[in-house]
Amino acid sequence: MSEIAPIKPISYACPKCKRPLRSNENALQCSDCNQTYLIEGGIPDFLSQVKLAPATSRLAKTMDFVAPIYETRLFVSVLTKLSNVNNGAQLFDRVARFHSETLEGVTGSVLDVACGPATYSRRIVSPSRNVNGIDISMGVLRQGLAYIVRDHIQGVHLARARVEELPFEDGVFDGVICSGSLHLFPDTLLSLREIARVMKPGAPLSVQTFVSGKTVINRFLQNRSWLHTFKLDELQPYLVEAGFEEFRPELDGIVLTFSARKVAPPA
Ligand SMILES: [Zn+2]
C-alpha cells in the first residue's frame, strides 16, 4: 500500500524584503534586514516590532478578547441577526462550503488571510492540501492552535502577520481564502495586490465579506473610518487592478461571497 507523502510546508520569508529566513528553535532570522522574528508557542510573530495603526491595533485587541467565544453558536447568531443574514447559525458552514467549492481540485498550499482561530483553515485542510493561516491577533491564533491540537489536525500552520506584508515569497500559493475581514483592511487595493503577489498564476481566490445595507450593525458602524463596507460594483475594479479576473459574486443579505482568479499570462 502506498502512502501519500506529506506536502512540504511553505517556508516563511521576511515580510520586509521577502527573502528566505533562517530558522532555529525559537526564532526566524533575516540576514538581509538583520531582523529576528520570535516563535511564540509554535506561532511565528512577524508583528512584534511593527507599530500597527491605532484602528488595527484596537481590532487585534478586540479579537484577542473574543477569541474563546468566536466560534460559539450564540456569538455567531447574534452577529448574523444584526446583519440580517438568513439562518445565521449556519453561516460558518455555508462559507466553508463556498470556499471548498472555489478550491475544488486545488492541491498543494492554500493561504487563509485573517484566519481567526483557524475557523476555515481547519475545514479546508486535507491530506493533499496544506493551509497557512495568518492573523494580526495572537489571541485568535493561540485559540486556533488549541483547536488544531485538540482535534489532531495535520497540515495547518499559523503565524502572526498582516495582509499588507505577507511573510512569503512571490507565487507560492495554489489558492487563497479570506473570510469576514476584507472590509476591515485599511487599504483594499494594497491588500489585494499583496495577496495576488503570493499566489501562483491562475490560482483561485475565495472571499466572504460584507456589503453596505440597512442593518442594525451597519447603522451602528456607519462613518467609522476603519470600516469599508463595499457596494458590489466597487469591488471588481479593485480586483482587476490587483491582477484578478473571473469575478463571481453571490449575495445573501449583506453577506457577500465571491471568487476570482489570479490572472495567468497567455500560454
Ligand atoms: Zn528581510
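From a predicted model like this one, the values you see are computed outputs, not experimental measurements.

> Help me understand the overall build of the protein, please; the structure alone is not making it clear to me.
In terms of helices and strands, the protein carries 8 helices and 11 strands. Here the protein, with 267 residues, has 51% of them falling under the buried criterion. When contacts within the protein are restricted to residue pairs at least 6 apart in sequence, long-range pairs at least 24 apart make up 66% of them. Summed over all atoms, the accessible surface of the protein reaches about 13500 Å², with 53% contributed by carbon and sulfur.

> Sorry, what's going on with unusual backbone geometry here?
Keep in mind that most residues, glycine aside, have a negative phi and that most peptide bonds are trans. Notably, K18 is not glycine yet its phi reads approximately 65°, a positive angle. Within the secondary structure, K18 sits in the segment before β1 (22–23). With phi around 60°, N34 is a residue other than glycine that occupies positive phi space. Judged by its relative accessible area of 71%, N34 falls in the exposed class.

> Just to check I follow, could you spell out the nonpolar core for this structure?
Taken as a class, soluble globular proteins show a tendency for nonpolar side chains to be buried jointly. Ranked by internal contacts, the top residues of the largest apolar core, which has 66 residues, are L111, V113, F168, I195, L205, F244 and F258. Apart from the residues within four sequence positions on either side, F244 is in contact with L192, I195, A196, M199, L205, L239, A260, R261, K262 and V263.

> I tried to follow the packing of aromatic side chains on my own but got confused; where do I start?
The geometry of an aromatic ring pair is captured by two quantities: the separation of the ring centres and the angle between the planes. The tally for this structure, following the rule as stated, stands at 6 aromatic pairs. With a centroid separation of 5.4 Å and an interplanar angle of 50°, the aromatic rings of Y12 and F46 are classed as tilted. Placement of Y12 in the segment before β1 and of F46 in the loop between β4 (43–44) and α1 (54–66) is noted, with a sequence separation of 34 residues between them. Each of the two residues, Y12 as well as F46, counts as buried. Each ring, one from F92 and one from Y120, has its centre 5.9 Å from the other, and the planes form 80°; the classification is edge-to-face. Here F92, found in helix α3 (residues 91–102), pairs with Y120, found in the loop between β5 (108–113) and α4 (121–124); they are 28 residues apart in sequence, far enough to count as distant.

> What exactly am I supposed to notice about the sheet that holds β4 here?
Backbone-to-backbone hydrogen bonds pair the strands of a sheet. The strands run either parallel or antiparallel. Strand order across the open sheet formed by 4 strands is β1-β2-β3-β4, with antiparallel pairing between neighbours. A single partner strand is all that each edge strand has here, and the edge strands are β1 and β4. Two strands pair when backbone bridges link them, and strand β3 (residues 35–40) and β4 are joined in this way by 2 bridges, in the antiparallel orientation. Across the sheet, E40 pairs through a bridge with I43, a residue of β4.

> Looking at this structure, I do not really get the packing of helix α6 (residues 188–197) against helix α8 (residues 232–242). What am I missing?
Think of two packed helices as two axes; the pair is described by the angle between the axes and how far apart they sit. Where α6 contacts α8, the two axes come as close as 9 Å, and the packing angle between them is 45°. The orientation of α6 relative to α8 falls into the category oblique. By crossing handedness, the relation of α6 to α8 is classed as right-handed. Here α6 contributes T188, L189, L192, R193 and A196 to the contact with α8, which in turn contributes Y238, L239, E241 and A242.

> I would appreciate a short explanation of the environment of P68 in the present structure.
Considering the arrangement of structural elements, one finds P68 in the loop between α1 and α2 (73–82). Distance from P68 to G139, taken between C-alpha atoms, is 8.5 Å for residues 71 residues apart in sequence. Sequence-distant contacts of P68, that is, excluding residues within four places in its chain, are made with Q143 and Y147.

> Explanation requested: the pairing of strand β7 (residues 156–160) in the structure shown.
Looking along a regular strand, one sees side chains alternate from face to face of the sheet. Here β7 lies mainly inside the structure; 4 of its 5 residues are buried. Bridge count between strand β6 (residues 129–135) and β7: 5 bridges; the pairing is parallel. From the neighbouring strand, V131 faces β7, where its bridge partner is V156. Taken together, β6, helix α5 (residues 138–150) and β7 form a β-α-β motif whose crossover is right-handed.

> I tried to follow the coordination of the zinc ion on my own but got confused; where do I start?
A metal bound by six donors in octahedral fashion has ideal angles of 90 or 180 degrees, whereas one bound by four tetrahedral donors has an ideal angle of 109.5 degrees. Looking at the zinc ion, one finds its protein donor set to be C14 (SG), C17 (SG), C30 (SG) and C33 (SG), positioned 2.2 to 2.3 Å from the metal centre. Note that the zinc ion binds 4 donor atoms; their angles at the metal cover 100 to 118°, and the shape is tetrahedral. Counting residues between consecutive donors of the zinc ion along the chain gives the motif C-x2-C-x12-C-x2-C. Residue C14 is found in the segment before β1, and its partner C33 is found in the loop between β2 (27–30) and β3; the two are separated by 19 residues along the sequence. Among the residues examined, C14 registers a relative accessible area of 0% and is labelled buried. Using a relative accessible area of 30% as the deciding quantity, one classes C33 as partly exposed.

> Please explain the side chain of S259 as it appears in this structure.
By secondary structure assignment, the location of S259 is in strand β11 (residues 255–262). Residue class for S259 comes out buried when judged on its relative accessible area of 13%.

Scoring rules and cut-offs
Residues numbered from 1 in each chain as written. Predicted model: local features only at pLDDT ≥ 70, side-chain atom pairs only at ≥ 80, totals over all residues. Heavy atoms only, no water. Helix = DSSP H or I, 4+ residues; strand = E, 2+ residues; numbered from the N terminus. Buried < 20%, exposed > 50% of the residue type's maximum accessible area, 1.4 Å probe, protein only. Contact = heavy atoms within 4.5 Å. Areas by Shrake-Rupley, 256 points an atom, 1.4 Å probe, with all protein chains shown as cover. Core = buried A, V, L, I, M, F, W, Y, C linked by side-chain atoms within 4.5 Å. Phe/Tyr/Trp six-rings, centres within 6.5 Å; stacked < 30°, edge-to-face > 60°. Pairing = 2+ DSSP bridges. Axes fitted to C-alpha atoms, helices over the stretch in contact; angles between N-to-C directions. Parallel < 35°, antiparallel > 145°, perpendicular 65-115°, else oblique. Left-handed = near helix turned anticlockwise from the far one by under 90°. Right-handed = clockwise from strand over helix to strand, strands pointing away. Donors = N, O, S within 2.8 Å, 3.2 Å for Na, K, Ca; no water. Tetrahedral: all angles 85-135°; square planar, octahedral: opposite > 155°, others 65-115°.

Functional significance is not addressed by these values, which are geometric in nature.
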